[in-house]
Amino acid sequence: QVRLVESGGGLVQAGGSLRLSCTASVRIVSSIAMGWFRQAPGKEREFVAAITWSGSRIVYADSVKGRFTISVDNAKNTVYLQMNSLKPEDTAVYFCASALSTRRLASPNDYTYWGQGTQVTVSS
């Protein structure tokens, strides 16, 4: 029943922007936060950003602070990731996920539901 679907990925030149979206097909009533993670070939899944549905707490990885913005639209059951000033090192598959706790938002192990991912490629 629960399905998270990402969209908005693509190919962009360095310095460009993309906006990723993640929509839950069914409202996850027990979810209190949503996060974005990314995984490049040969690397572990890396935390990018997270936000509580209330917007009261927002966390960013140091590597994206000042460039990425995470937000939610409760009415649409959607979380967004606005990515500006993209760098080649941002190239990865980006995943959204739902967390049932805010204890360790930066840890992928604390997320219960995951999307299938959307590819972001940043060229030099």
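The paragraphs below set out a description of the structure included in this document. (Residues numbered from 1 in each chain as written. Predicted model: local features only at pLDDT ≥ 70, side-chain atom pairs only at ≥ 80, totals over all residues. Heavy atoms only, no water.)

**Regarding the pairing of strand 9 (residues 92-99)**
In terms of residue burial, strand 9 counts as a mostly covered element, since seven of its eight residues are buried. Bridge count for strand 4 (residues 33-39) against strand 9 is seven bridges, and the pairing is antiparallel. By the bridge assignment for strand 9, Ala33 is matched with Ala99. (Buried < 20%, exposed > 50% of the residue type's maximum accessible area, 1.4 Å probe, protein only. Helix = DSSP H or I, 4+ residues; strand = E, 2+ residues; numbered from the N terminus. Pairing = 2+ DSSP bridges.)

**Overview of the state of the cysteines**
Two cysteines form a disulfide when their sulfur atoms are joined by a covalent bond. Tallied over the full model, the rule gives one disulfide. One disulfide in the model links Cys22 with Cys96; its S-S distance is 1.8 Å. Sign of the S-S torsion, about 50° for the bond between Cys22 and Cys96, identifies this disulfide as right-handed. You can see Cys22 sitting in strand 3 (residues 18-24) and its partner Cys96 sitting in strand 9, a full 74 residues away along the chain. (Disulfide = S-S within 2.5 Å.)

**A few points about the sheet that holds strand 3**
The four strands are arranged 1-3-8-7 in an open sheet whose pairing can be described as antiparallel. Each edge of the open sheet carries a strand with a single partner, namely strand 1 (4-7) and strand 7 (68-73). Averaged over all neighbouring strand pairs, the angle between strand axes comes to 15°, with direction disregarded. Alignment of strand 1 against strand 3, held across four bridges, turns out to be antiparallel. Bridged to Ser7 within strand 3 is Ser21. (Axes fitted to C-alpha atoms, helices over the stretch in contact; angles between N-to-C directions.)

**Let's talk about the nonpolar core**
Core analysis: the biggest nonpolar cluster contains 34 residues, and Trp36, Leu81, Met83 and Tyr94 have the highest contact counts within it. Listed by contribution, the elements that provide at least two residues to this core are strand 3, strand 4, strand 5 (46-52), strand 7, strand 8 (78-83), strand 9 and strand 11 (118-123). (Core = buried A, V, L, I, M, F, W, Y, C linked by side-chain atoms within 4.5 Å.)

**Description of unusual backbone geometry**
Its identity as a non-glycine residue notwithstanding, Asn77 has a phi of 50°, on the positive side. Mapped onto the fold, Asn77 is located in the loop between strand 7 and strand 8. In this structure Asn77 comes out as buried when scored by relative accessible area, which is 17%. In this model, Ser85 sits at a positive phi of 50°, which is unusual for a non-glycine residue. Topologically, Ser85 is positioned in the loop between strand 8 and strand 9.

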